[in-house]
Amino acid sequence: MSKNGFQLIDVRKSFGAAQALKGVSFEVKAGEFVTLLGPSGAGKTTLFRCLTGLERADHGETWVLGERIDLASRKQLRALRQSIGLIFQQHNLIGRLSALDNVLMARLSHTPWWRVALNRFSHRDKQLALSSLDQVGLLDKAYIRSDALSGGQQQRVAIARVLTQHSKVLLADEPVASLDPESARLVLEDLKRIAKEHNIAVLCSLHQVNLAKKYADRIIGMRAGELVFDGSSKDFCAQTEQCLYAKAHSGIPADENHSTV
Ligand SMILES: Nc1ncnc2c1ncn2[C@@H]1O[C@H](COP(=O)(O)OP(=O)(O)OP(=O)(O)O)[C@@H](O)[C@H]1O
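All residue numbers refer to positions counted from 1 along the written sequence of the respective chain. Restriction of local features to residues with pLDDT of at least 70 applies here, the model being predicted, together with a cutoff of 80 or more for giving and counting side-chain atom pairs; totals for whole chains, interfaces and linings are based on all residues. Side-chain numbers here rest on the full set of heavy atoms in the structure, without hydrogens or water.

- As named in an unreviewed UniProt entry, the protein chain is Phosphonate ABC transporter ATP-binding protein, taken from Limnobacter profundi.

Set out below in C-alpha cells:
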C-alpha cells in the first residue's frame, strides 16, 4: 500500500436504509489533482468523512498515507489527521485575526501552550507561515484582518494554512462553491500547483463540470453511492456528464443507468 496518497477499497457505508457508499474503490497518488463530481446525495461528503476518520465505513478498507484510518485508534487518528489538510466551502478562519495568525494556527499542535497564550510563535514558524502566504500570492495581506479579505483571498489563506501544516493529503470539499469565477480560478490554480510542487494527493469536490475538466488531472464521478466514472478530464464527455447528472434527477435508479466505469 502506498505510503503517499490514499486509497479506498470496496468502501460501503449506510445510514439506516440509505446506502451512502455502495462499494467505492479508487486511489489518489501523491502529486495528483483529482476532482470529485456528482449530484446531491451522490455520497461525496460521506466519502470525505470516511477519509478523515469522522465516519467509519461498514465494509472495506480506507488507507491514508499507508495506514488504515478506518481501523485507527483515537491516538493514531489524531496523528494521521495532522497530515490531512482540509479545505471547506466556508474557510473557517477567525475573522478578527490577521491572515498570518490564521495561518499560524496550523502550528498550534507543535507549539507550547505558553507561546500560544502569548501569541509568540517561533521565528521559524512565522517564516514558514509567511512563505505559505507568499505561495498563494497573499504576502502583502499577512497583517490584514482576515474578515477584511475577499472570499477568494480568505480561501487562499485557508490553503496557506494547509501548506504550513505540512499536509501530505488535501481534501477540499466544494472550495469554490461560493466564489466568483476569477477567485475560483485562482483557488483551483493554487490547489493544482500545490499538488505538483509539494507532491500532495489532492481530492477536490466541485459542482462545476467545466472547472473540473479544465483543472483536474483526473475526474471521479459518483452517483447514488457508486463510482460511475474514473478517468482523465479529456475522456469526460457530454454523454458522461448527462449520465452523471441528468438521469440522476429523472428518478431513474442509478442501477438502471449506464455506467462508464
Ligand atoms: N448522517 C446521516 N444520516 C442519514 N443519512 C445520511 C447521513 N449522511 C448522509 N446521509 C445520506 O447518504 C446519502 C449521501 O449523502 P452525502 O451527504 O454523502 O451526499 P453528497 O454527495 O455530499 O451530497 P451534497 O452534494 O448534497 O452535499 C444521502 O442519501 C444522504 O441523505
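Notes on the site of the ligand
Link 1 in the chain: Residues in close proximity to the ligand include Phe15, Ala20, Pro39, Ser40, Gly41, Ala42, Gly43, Lys44, Thr45, Thr46 and His207, which together make up its full environment.
Link 2 in the chain: Whenever a nitrogen or oxygen atom comes within 3.5 Å of another N or O atom, the pair is scored as a polar contact, on the condition that within protein one atom can donate a hydrogen and the other can accept it, and that pairs from neighbouring residues in sequence are kept only if both atoms are in side chains. With respect to the ligand, the backbone of Ala42 contributes an N or O atom lying 3.1 Å from an oxygen atom.
Link 3 in the chain: In the model, an oxygen atom of the ligand is placed 2.9 Å from a nitrogen or oxygen of the Gly43 main chain.
Link 4 in the chain: Every accessible area reported is derived by Shrake-Rupley at a probe size of 1.4 Å, with residue values counting cover from the shown protein chains alone. For the ligand, the accessible surface in isolation is 630 Å², of which the surrounding protein chains cover 58%. Any residue with at least one heavy atom within 4 Å of a molecule or strand is counted as near it.

A short note on the nonpolar core
Link 1 in the chain: In plain words, nonpolar cores are sets of buried Ala, Val, Leu, Ile, Met, Phe, Trp, Tyr and Cys residues tied together by side-chain atoms within 4.5 Å. Note on classification: 1.4 Å probe, protein chains only; a residue is buried when its accessible area is under 20% of the maximum for its type, exposed when over 50%, partly exposed between these limits. Membership of the largest hydrophobic core comes to 47 residues, with the highest contact counts inside it found for Leu37, Leu133, Leu188 and Leu191.
Link 2 in the chain: Leave out the neighbours within four places in its chain, and Leu37 touches Lys44, Leu206, Gln208, Val209, Ala212, Ile219, Ile220, Gly221, Met222, Phe236, Leu244 and Tyr245.
Link 3 in the chain: In this structure, Leu21, Val24, Val64 and Ile220 belong to the second largest nonpolar core, which totals 28 residues. Contacts are assigned to residue pairs with any non-hydrogen atoms lying within 4.5 Å of each other.

Quick word on the packing of helix 6 (residues 151-164) against helix 7 (residues 181-197)
Link 1 in the chain: Geometry is summarised by axes, namely lines fitted to C-alpha atoms with helices restricted to the contacting stretch, and by angles between N-to-C directions that run from 0 to 180 degrees. Counting from the N terminus, the helices are DSSP H or I runs at least four residues long and the strands are E runs at least two residues long. At a minimum axis distance of 9 Å, the contact between helix 6 and helix 7 shows a crossing angle of 10°. Taken together, the axes of helix 6 and helix 7 are roughly parallel relative to one another. The handedness of the crossing between helix 6 and helix 7 comes out as right-handed. Counting all contacts with helix 6, which are made through Gly152, Gln155, Arg156, Ile159 and Leu163, the residues of helix 7 involved are Ser183, Leu186, Val187, Asp190, Leu191 and Ile194.
Link 2 in the chain: Polarity classes work like this: nonpolar for Ala, Val, Leu, Ile, Met, Phe, Trp, Tyr, Cys and Pro, charged for Asp, Glu, Lys and Arg, and polar for all others, with Gly in that last group. Along the lines of polarity and charge, the residues of the contact of helix 6 with helix 7 split into 6 nonpolar, 3 polar and 2 charged. Just so you know how the angles are binned, under 35 degrees is roughly parallel, over 145 roughly antiparallel, 65 to 115 roughly perpendicular, and the rest oblique. Should the near helix be turned anticlockwise from the far one by less than a right angle, the crossing is left-handed, and should it be turned clockwise, the crossing is right-handed.

A few points about the sheet that holds strand 7 (residues 169-173)
Link 1 in the chain: The pairing criterion for strands is at least two bridges between them, as found by DSSP. Strand order in the open sheet made by the 6 strands is 6-7-8-3-9-10, with mixed pairing throughout. Among the strands making up the open sheet, the edge pair consists of strand 6 (84-88) and strand 10 (226-232). Between one strand and the next, the sheet's axes are offset by a mean angle of 15°, whatever the strand orientation.
Link 2 in the chain: Inspection of the sheet shows strand 6 paired to strand 7 by 5 bridges, in the parallel sense. Within the sheet, the bridge partner assigned to Gly85 lies in strand 7 and is Leu170.
Link 3 in the chain: Its contacts with the sheet place helix 6 against strand 6 and strand 7, and it is angled at close to 175° to strand 6.
Link 4 in the chain: In the packing of helix 7 onto the sheet, contacts are made with strand 3 (33-37), strand 7 and strand 8 (201-205), and the angle to strand 3 comes to roughly 135°.

Remarks on unusual backbone geometry
Link 1 in the chain: In this structure, Asp10 is a non-glycine residue whose phi angle is positive, near 50°.
Link 2 in the chain: In this structure, Asp10 sits in strand 1 (residues 6-15).
Link 3 in the chain: Residue classification places Asp10 among the partly exposed residues on the basis of a relative accessible area of 25%.
Link 4 in the chain: Phi at Glu174 is positive, roughly 50°, even though this residue is not glycine.
Link 5 in the chain: Position of Glu174 among the secondary structure elements: in the loop between strand 7 and helix 7.

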